[in-house]
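Report on the structure
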Amino acid sequence: MDDKSKTENYVIDGPNNDNPKGEHSLHTIVTEELARIGDKGSWIWPLFILCTVPNILNGFHVSSYVFLGKMPTSFWCVIPDLLEANWTTEQMRTLSTKEGGDGCRVLNYNYSMLSHMAYDEAVRYVKDQDVPEEVSCLRSSTFYHDYYYSEGNSIVSEWDLVCENSFWRSTVQAAVSAGKFTGATSFGIISDKFGRKTAFSIGSVVHVVGSVLVAASIWYWSFLIGRFMLGLATGALFYAAFALLTENIGIKPRSWMSIVITASYPIGMLLLALSANFLHTWRHLQISLTVPALSLILIVYYLKESPRWLLDKGREEEAYKIVFKTNKSIEQLPMKKDETKVQETVAAPSGSKLKNAFSELAGLYGSSKYRYLALICHFSFFVSSLSYYVTGMYLNEVKTIFDTKLTSGLISLRFSEIWNGFYQ
């Protein structure tokens, strides 16, 4: 592959006070137009809406584990022989477990024989016998768990995520976190190399497929894959959209719009809590969170590539068409090619790219001014994240899970405003 790319410059006729010769490069024309339309008008509002809405979806799914994986009010081991003999649940639990048992293990009696006795007779019989060993309900081919929820159900009862399997319940959020870590890295590279919209489009497909997979899963491993995909898409739906928005609007709206796009995540948490207050079956809740994800199809259709990114890559003609909303080619525009201006860009070797990356990092933290701002951003983001995780994990005193998530969303919303206030 040729490692050189040529960028042709164009000039436009028409003298003015700043340019008496009447020559502007196409790059300058697009840049000046972006500066003109970047503060108001029909350019920034559609762009703002298209970039903000997807982050609300991130707030839906990344925080939904609280409701999807809620623990049952109680659970117990069902003895089929006793159940067929019309024993009540309380009678089964009293006879089959030790006092204070947790429902994970049962005493290994001959329940086939006990099922032919009345309950009182069976109690008298086992009192005269030695106490047998306990066996795991999950590991038994005969017994199974039953669950009681005050309302609805969750993935805990769907896939028996209790006792020896309780570890797998924690992987519900771990899968999302792993996806977020992977997506933040991979989609950042894709966004810089192949374009903001390309990264966003790929992330949107991943998000929609992951949402459907979670809602339709009949196996726990497919559920985890779907959760990982939702976390993976976060890197595109937020970071690529955030970059696309902030690099193409003016300084004045950039401050408050960056606050709103960041605050859209906790807004998603608030809407999640509202939905969960009415939908108590986990699969119904997941479907309600999946349907809005279909809006990404329209967003991808209407969203344009970042003109700033196109200019940086030497694709001025494409940037011109987006900014001026025209489909005409350069030859049809009132411009002429400046044959005397041809720039050659030589691809830098990988070692040079790595060196440049470290030099940029050193430039950020080497300056006392930028170091100060960067540390403020790090601290503010840390506090904002802490408010989210602490309230989600330790607000057990709050009356319901709904109230817990509502409180967490409100706190995260407030800290996102503080964080962006410092950032600006």
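Coordinates for the structure precede this section.
A brief look at the structure comes next. (Residues numbered from 1 in each chain as written. Predicted model: local features only at pLDDT ≥ 70, side-chain atom pairs only at ≥ 80, totals over all residues. Heavy atoms only, no water.)

1. Re the overall build of the protein
Of regular secondary structure, the protein possesses 19 helices and 6 strands. Across the protein, the fraction of contacts at a sequence separation of at least 24, relative to all contacts at a separation of at least 6, is 76%. Of the roughly 23100 Å² of accessible surface on the protein, 60% is carried by carbon and sulfur atoms. (Helix = DSSP H or I, 4+ residues; strand = E, 2+ residues; numbered from the N terminus. Contact = heavy atoms within 4.5 Å. Areas by Shrake-Rupley, 256 points an atom, 1.4 Å probe, with all protein chains shown as cover.)

2. Looking at the state of the cysteines
Throughout the structure, instances matching the rule amount to 2 disulfides. Linked covalently through their sulfurs, C77 and C137 form a disulfide whose S-S length is 2.1 Å. Because the torsion about its S-S bond is 85 degrees, the bridge between C77 and C137 counts as right-handed. Taken together, the residues C77 in strand β2 (residues 74–78) and C137 in the loop between β4 (134–136) and β5 (144–148) connect sequence positions 60 residues apart. (Disulfide = S-S within 2.5 Å.)

3. Describing the side chain of T171
Tracing the backbone shows T171 in helix α9 (residues 166–194). Exposure remark for T171: the relative accessible area of 12% places this residue in the buried category. At 2.4 Å, the side chain of T171 and the backbone oxygen of W168 are in polar contact. Sequence-distant contacts of T171, defined by excluding residues within four places in its chain, comprise Y220 and L224. (Buried < 20%, exposed > 50% of the residue type's maximum accessible area, 1.4 Å probe, protein only. Polar contact = N/O pair within 3.5 Å; in protein donor to acceptor, adjacent residues only side chain to side chain.)

4. Observations regarding the packing of aromatic side chains
All chains considered together, the criterion is met by 19 aromatic pairs. Their ring planes at 85 degrees and their centres at 6.0 Å tell us that Y109 and Y111 sit as a pair that is edge-to-face. In this structure Y109 comes out as buried when scored by relative accessible area, which is 16%. Residue classification places Y111 among the buried residues on the basis of a relative accessible area of 3%. Taking the centre distance of 5.9 Å and the plane angle of 20 degrees together, the rings of Y220 and F223 count as stacked. Highlighted residues: Y220 and F223, both in helix α11 (residues 220–246), separated by 3 residues, approximately one helical turn. For Y220, a relative accessible area of 11% gives the class buried. Note on F223: relative accessible area 0%, which makes it buried. Among the aromatic residues, ring-to-ring pairing joins W159, F167, W168, Y220, F223 and W282 into one connected group. (Phe/Tyr/Trp six-rings, centres within 6.5 Å; stacked < 30°, edge-to-face > 60°.)

5. Observations concerning the environment of S136
Structurally, S136 can be placed in strand β4. C-alpha separation for the pair S136 and R105, spaced 31 residues apart in sequence, amounts to 4.5 Å. For S136, the side chain forms a polar contact with the main-chain nitrogen of R139, separated by 3.3 Å.

6. Examining the packing of helix α10 (residues 196–216) against α11
Taken N-terminus to C-terminus, the directions of α10 and α11 make an angle of 155 degrees; their axes are 7 Å apart at the nearest point. Classed by the angle they form, the pair α10 and α11 counts as roughly antiparallel. Remark: the crossing between α10 and α11 carries left-handed chirality. For the contact of α10 with α11, the class distribution of residues is 18 nonpolar, 7 polar and 3 charged. (Axes fitted to C-alpha atoms, helices over the stretch in contact; angles between N-to-C directions. Parallel < 35°, antiparallel > 145°, perpendicular 65-115°, else oblique. Left-handed = near helix turned anticlockwise from the far one by under 90°. Nonpolar A, V, L, I, M, F, W, Y, C, P; charged D, E, K, R; others polar.)

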